[in-house]
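# Remarks on the overall topology
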Amino acid sequence: MWPTDGRWNNNAMMVGGGTRLYGAQAWRFCPEDFRMASTYGTPDGSSLADWPISYDDLEPDYDRAEWELGVSGDPSGNTYAGPRHRGYPMPPLPPNGTAAPLRQGAAHLGLSTSPVPLLINSVPYNGRGACIQCGACVGFGCPGEFKTDTRNTAIPRAIATGRCDVLTEAQAERLITDAGGRVTGVALATEAAGVPVRREINADQVLVGAGAIETARLLLNNPSQQELHGLGNNHDLVGRNLQGHVYAGALAMFEQPVQDCVGPGPSISTNDYRHHNDGVVGGAMLANDFVPMPLFVYSLGSRLGVIPGWGTASKTAMRDLYSRTTLVMGPVQEIPNPESRVTLDPAVRDRFGMPVARLSGTLHAEDHTTAAFVSDRAIAWAKASGATRVVPLTLAPTEGPSAGQHQAGTCRMGTDPATSVTDAHGRVWGHDNLHIVDGSLHVTDGGVNPVLTILALAYRVSRAVAQRSTGMRG
Ligand SMILES: Cc1cc2nc3c(=O)[nH]c(=O)nc-3n(C[C@H](O)[C@H](O)[C@H](O)COP(=O)(O)OP(=O)(O)OC[C@H]3O[C@@H](n4cnc5c(N)ncnc54)[C@H](O)[C@@H]3O)c2cc1C
């Protein structure tokens, strides 16, 4: 299929990965997110489990990610947030126009609210300027370098040490193992003048961070005599428990203009529905959404039946509705199941001859229940805020598993090699020098956007590798 197909489950393939194009919402998971099975039990057909680490274990790395990379926000009003040893390095960005009615509605309903934390400079930070709030955040590289990504923070810092080389346009197609099955390096493929060029790099330590789908693909494409079905896969777990986020909420239409196109857009949230909702396993954070591209409003509006598909009526509705509309929605905490998975396609290969990823499985039934609950809460919030027309909204895969831009879970961490792919420091079971540093590690994906947790885990894993290899402390 083509990348324009929703089933492609897109993320960004470039230096900096998803952080180049993301919306930069920078949420921490809350304590319950790390112990979903203890909090809710394990629903039938699911692989819901606790993480091998707690919120408190990851707190120092959340703090490090927030301060080294730079997050703007205000932690007060965030129900279910875990303890933090300091606030954010920058104050929140000024709110978007859609926040004012939602603030009134929240007060009416007695909801706690907080600004949305963002990896975007609200004041000059890290040698880059403060955001001018142009609104071209989600899906775009920031035109002014106000949005933080790993290409304008962590990667140049690493290069400045003199101990880091970045090879672009190169694809890891295999990890090299010796006769004993020990990882000794990486095999790369690239292209020069249309011809594949191959290169091998020896390594004492290998850290894989290719995203939840591509990391699983790489390990699965690596059978050895010791591990016939791929690296770390003797228990048939690599690639399983693929998950992402169903989005649930409401399209809210007001009598008066509310959408002022001041970016990034998400500026008021409630975390009251993250957990402990009657009859629901988990929940979601709800917030106003990014400044929408007109095409997005058109395609969503026509799908929901509020904008005619073509002709003058369509243009009139777009002109009339764009400024009076906002989305209130959030990422539903999904319940992982082992049948949602990445395998290697037996027939289709990429340009270098590597089998492409094949995705299979479906959402768990609980995901639909949670989405309906969250959408219902968004409708209530929008109506209490004065919206005169509110349409329920669920963005979920119509076919196949959930993954998309929040893909996670395919090499989950744990305490037992029989039920997990890595230990609590991301080290692949059975390998002393192979680690995972991306969303694959997530046991569950939280009821918020995942990137801050991915970044915090990368700090945790990398520190453990450095400590082991150099005897470094702290
Ligand atoms: C449009 C969009 C909006 C988003 N908004 C938010 C948000 O507001 N908040 C949030 O928390 N998250 C958001 N996300 C999600 C977030 O960006 C991802 O969760 C995060 O980037 C995933 O990190 P990762 O390290 O797991 O993988 P990635 O960021 O996908 O990084 C993987 C890297 O590996 C490279 N790679 C892959 N395969 C190979 C290979 N074989 N050889 C060599 N290199 C390889 C890729 O090029 C990429 O650089 C968004 C994502 C997108 C696309």
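Preceding block: the structure.
Since we're looking at a predicted model, the values are computed, not measured.

With respect to spatial proximity, 29 residues lie near the ligand, and among them Met14, Gly18, Gly23, Ala172 and Val451 are the closest. Measuring from an oxygen atom of the ligand, one finds a backbone N or O atom of glycine 439 at 2.9 Å. Against a free-state accessible area of 1,000 Å², the protein chains account for coverage of 85% of the ligand. Among the elements of the structure, strand E1 (171-177) and helix H9 (451-470) are those that each provide at least two residues to the shell around the ligand.

What follows covers the sheet that holds strand E2 (residues 183-192). With antiparallel pairing, 3 strands are arranged side by side in an open sheet as E1-E2-E3. The open sheet terminates on both sides in strands that have one partner only, identified here as E1 and strand E3 (195-202). Taking each pair of neighbouring strands and ignoring which way they run, the sheet shows an average axis angle of 25°.

Next up on the list: the nonpolar core. Nonpolar side chains tend toward joint burial in soluble globular proteins. Core analysis: the largest hydrophobic core is formed by 62 residues, its most contacted members being Trp51, Tyr62, Leu119, Leu175 and Leu434. With 8 residues, H9 is the single largest residue contributor to this core. Aside from chain neighbours lying at most four places away, what touches leucine 119 is Tyr22, Ala24, Ala26, Leu69, Gly70, Val71, Phe146, Lys147, Thr148, Val451 and Leu455. Counting residues in each nonpolar core, the second largest holds 27 residues, with Ala99, Leu102, Ile268 and Val328 among its members.

When the local axis directions of helix H2 (residues 55-70) are compared, the greatest deviation, roughly 25°, occurs at aspartate 61. Here H2 has its buried residues at Tyr55, Leu58, Glu59, Asp61, Tyr62, Asp63, Ala65, Glu66, Leu69 and Gly70. Looking at the buried positions of H2, the neighbouring elements they touch are helix H4 (154-160) and H9.

On to the pattern of salt bridges, then. Where side chains of opposite charge bring their charged atoms close, a pairing between them can arise. Scanning the entire structure with this criterion turns up 25 salt bridges. In this structure, the salt-bridge partner of arginine 198 is glutamate 173, at a minimum N-O distance of 2.6 Å. Remark: glutamate 173 occurs in strand E1 and arginine 198 occurs in strand E3; sequence separation between them is 25 residues. Exposure remark for arginine 198: the relative accessible area of 46% places this residue in the partly exposed category. When salt bridges that share partners are traced, they join Arg20, Glu145, Asp149 and Arg151 into one network.

Here the focus is the packing of H2 against H9. Axis separation between H2 and H9 bottoms out at 8 Å; the angle between their running directions is 110°. Accordingly, the angle class assigned to the pair H2 and H9 is roughly perpendicular. Of H9, the residues touching H2 (which contributes Asp57, Leu58, Asp61, Tyr62, Arg64, Ala65, Glu66, Glu68 and Leu69) are Leu452, Thr453, Leu455, Ala456, Leu457, Tyr459, Arg460 and Arg463. Of the residues belonging to the contact of H2 with H9, the class tally is 9 nonpolar, 1 polar and 7 charged.

Relative to the helices and strands, glutamine 259 is located in the loop between strand E5 (246-253) and strand E6 (269-270). What makes glutamine 259 buried here is its relative accessible area of 8%. Separated by 3.0 Å, the side chain of glutamine 259 and the backbone nitrogen of cysteine 261 make a polar contact. Setting aside anything within four residues of it in sequence, one finds glutamine 259 in contact with Asn96, Thr98, Val291, Pro292, Tyr322, Ser323 and Thr325.

The next thing to look at is the side chain of glutamate 66. Considering the arrangement of structural elements, one finds glutamate 66 in helix H2. Ignoring sequence-local partners within four residues, the contact set of glutamate 66 consists of Arg28, Val71, Arg84, Tyr88, Pro89 and Leu452.

Moving on, we get to the sheet that holds E6. Taken together, the 5 strands give an open sheet; going across it, the order is E6-E7-E8-E5-E11, and neighbouring strands pair in antiparallel fashion. The sheet is open, and its two borders are formed by E6 and strand E11 (389-395), each paired with just one other strand. Two strands pair when backbone bridges link them, and E6 and strand E7 (residues 286-288) are joined in this way by 2 bridges, in the antiparallel orientation. In the sheet register, serine 269 faces E7, and the bridge partner there is alanine 287. Of the strands in this sheet, E5, strand E8 (325-332) and E11 touch helix H6 (residues 294-303), which is tilted by about 100° from E11. Strands in contact with helix H8 (residues 365-384) are E5, E6, E7, E8 and E11; relative to E5, the strand with the most contacts, it is inclined by about 25°.

Reading the values: the criteria
- Residues numbered from 1 in each chain as written.
- Predicted model: local features only at pLDDT ≥ 70, side-chain atom pairs only at ≥ 80, totals over all residues.
- Heavy atoms only, no water.
- Near = heavy atom within 4 Å.
- Polar contact = N/O pair within 3.5 Å; in protein donor to acceptor, adjacent residues only side chain to side chain.
- Areas by Shrake-Rupley, 256 points an atom, 1.4 Å probe, with all protein chains shown as cover.
- Helix = DSSP H or I, 4+ residues; strand = E, 2+ residues; numbered from the N terminus.
- Pairing = 2+ DSSP bridges.
- Axes fitted to C-alpha atoms, helices over the stretch in contact; angles between N-to-C directions.
- Core = buried A, V, L, I, M, F, W, Y, C linked by side-chain atoms within 4.5 Å.
- Buried < 20%, exposed > 50% of the residue type's maximum accessible area, 1.4 Å probe, protein only.
- Contact = heavy atoms within 4.5 Å.
- Bend = angle between axes of the 7 residues up to and from the residue.
- Salt bridge = Lys/Arg side-chain N within 4 Å of Asp/Glu carboxyl O.
- Parallel < 35°, antiparallel > 145°, perpendicular 65-115°, else oblique.
- Nonpolar A, V, L, I, M, F, W, Y, C, P; charged D, E, K, R; others polar.

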